[in-house]
Amino acid sequence: MVSIHLYGKLRRFATNSSPSADSIIALDALEGETLQMLLDRVGIHASELYTIFINSKLLTSRTKFATYLRYQQVCEENCQGWDLTVIIHDGDRLGLFGTDMPGLVV
């Protein structure tokens, strides 16, 4: 099972989109599925995303300050590259922050 935690306007993709509750999508992990494929399956376009965390580690962000905040990172270099080909595994927890939520990482 993959757990996708949605924040900001991305909450609309969850069954419970209330800002006072957790907005989480739980999906079965598909073998070899990339993050891009998972986003396509859920219906979220990459242009709607500002910051992505996988298992509490920063994958990418549109802000240049994220790397200076010393977040643990999934990538070793170019965490702003928006390479969404990372393979998603059973048990992964994704945190997706929309473009209306940039203040959470600066």
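Everything quoted here is computed from the prediction, not taken from an experiment.

Let's shift gears to the packing of aromatic side chains. Scanning the entire structure with this criterion turns up two aromatic pairs. Taken together, a centroid distance of 4.4 Å and an interplanar angle of 10° make the contact between Tyr7 and Phe97 stacked. With a gap of 90 residues between them, Tyr7 in strand E1 (residues 2–7) and Phe97 in strand E5 (residues 93–98) connect regions that are remote in the sequence. For Phe97, a relative accessible area of 13% corresponds to the buried category.

This brings us to the pairing of E5. Counting buried residues along E5, five of its six residues qualify, which places the element largely inside the surrounding structure. Note that E1 and E5 share five bridges and pair parallel. Following the sheet pairing, Ser3 is matched in E5 by Arg93. Where strand E3 (residues 49–54) lies against E5, five bridges are found, and the strand directions are antiparallel. Bridging across to E5, Ile54 finds its partner in Leu94.

Turning next to the pattern of salt bridges. Tallying each qualifying case throughout the model produces two salt bridges. Across the pair Arg12 and Glu48 runs a salt bridge whose closest N-O atoms are separated by 2.3 Å. Of the two residues, Arg12 sits in the loop between E1 and strand E2 (24–27) while Glu48 sits in the loop between helix H1 (35–42) and E3, which places them 36 residues apart along the sequence. When its relative accessible area of 21% is taken as the criterion, Glu48 is described as partly exposed. Between Arg41 and Glu33 there is a salt bridge; the shortest N-O distance is 2.8 Å. A relative accessible area of 36% places Arg41 in the partly exposed class.

Conventions we followed
Residues numbered from 1 in each chain as written. Predicted model: local features only at pLDDT ≥ 70, side-chain atom pairs only at ≥ 80, totals over all residues. Heavy atoms only, no water. Phe/Tyr/Trp six-rings, centres within 6.5 Å; stacked < 30°, edge-to-face > 60°. Helix = DSSP H or I, 4+ residues; strand = E, 2+ residues; numbered from the N terminus. Buried < 20%, exposed > 50% of the residue type's maximum accessible area, 1.4 Å probe, protein only. Pairing = 2+ DSSP bridges. Salt bridge = Lys/Arg side-chain N within 4 Å of Asp/Glu carboxyl O.

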